[in-house]
Amino acid sequence: MATRGAFIAIEGLDRSGKTTQVATLQARLDSEGIPVKLFKFPDRGTAVGKMIDSYLRSQSELDDHAIHLLFSANRWELAAAIEQLLAQGTTVVCDRYAFSGVAFSAAKGLPLEWCRAPDVALPAPDLTLFLDITPEKARERGGYGEERYEKEEMQRQVRDVFRVIASEFDDATWVTIDAGRKQDAVAADIWDCVHPLANGIVGPVQRLW
Ligand code: T5A
Ligand code: NA
């Protein structure tokens, strides 16, 4: 039976090592001869992404609802491309996805169900790997940067919302990984989870949510 590519999301708190691990995973998939394409959300390169970038760097102000919808629109801009790649048998790895969208906006106080709504019917990851890190460990990595959400109290609240989101998934679809360890140990756990999906998936892409 024909298979499609696997859709894998790497989620996590700021400084948890997502971008580092996504690059390591891409190299591993490449070396195994598995076609892979990376996406990163927000994608700051699109027209919507430029507005998001300006907001995150505190160069512009936006209503909490408005910025939430822009983050979602940024995913919708790329949803068709993701689906096409999956159909062609390419594994798609996303550095953040809709779960970050919900977690960060709900952490600011917007209702969880309102936050979910604009992402309903987006392609759903087959596997989400949540890189979990304590604020204390994140601080050891040089602390948070200069961007809008990179403050300890905000990150604690985001972590709480991610726990709620995680509880809605089964153990095969959402895996929490202790990202406070050495890079190689985290990468090994990620590969253990991705490896069984890397030769493709039978059946249609699921939908959020
Ligand atoms: N957001 C995002 C929303 O509000 N709504 C949305 O819908 C979406 C998609 C920008 C912000 O937007 C919010 C969430 C964010 O606040 P971003 O552009 O992904 O999101 O954020 P970045 O700043 O690019 O990424 P992070 O700061 O979150 O970092 P990463 O990617 O988690 O971590 P990484 O790999 O860059 O590593 C951080 C540092 O730690 C070191 C690295 O070398 C680096 O210096 N490091 C380690 N050190 C020790 N041990 C390890 N195991 C290490 N792994 C990495
Ligand atoms: Na990153």
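Before we move on, could you go through the pattern of salt bridges and cite the residues and values that matter?
This structure, assessed with the given rule, holds 21 salt bridges. One salt bridge connects Glu147 with Arg44, and the closest N-O pair in it is separated by 2.9 Å. In this pair, Glu147 sits in the loop between α6 (135–140) and α7 (152–166) while Arg44 sits in the loop between β2 (36–40) and α2 (47–56), placing the two residues 103 residues apart along the sequence. A relative accessible area of 30% places Arg44 in the partly exposed class. A salt bridge links Arg57 to Asp53; the nearest nitrogen and oxygen atoms lie 2.7 Å apart. With relative accessibility at 42%, the residue Arg57 sits in the partly exposed group. Classification of Asp53 as buried rests on a relative accessible area of 16%. Taken together, the salt bridges that share partners define one network made up of Arg44, Asp53, Arg57 and Glu147.

Parameters and conventions
- Residues numbered from 1 in each chain as written.
- Chains lettered and ligands numbered in written order.
- Predicted model: local features only at pLDDT ≥ 70, side-chain atom pairs only at ≥ 80, totals over all residues.
- Heavy atoms only, no water.
- Salt bridge = Lys/Arg side-chain N within 4 Å of Asp/Glu carboxyl O.
- Helix = DSSP H or I, 4+ residues; strand = E, 2+ residues; numbered from the N terminus.
- Buried < 20%, exposed > 50% of the residue type's maximum accessible area, 1.4 Å probe, protein only.

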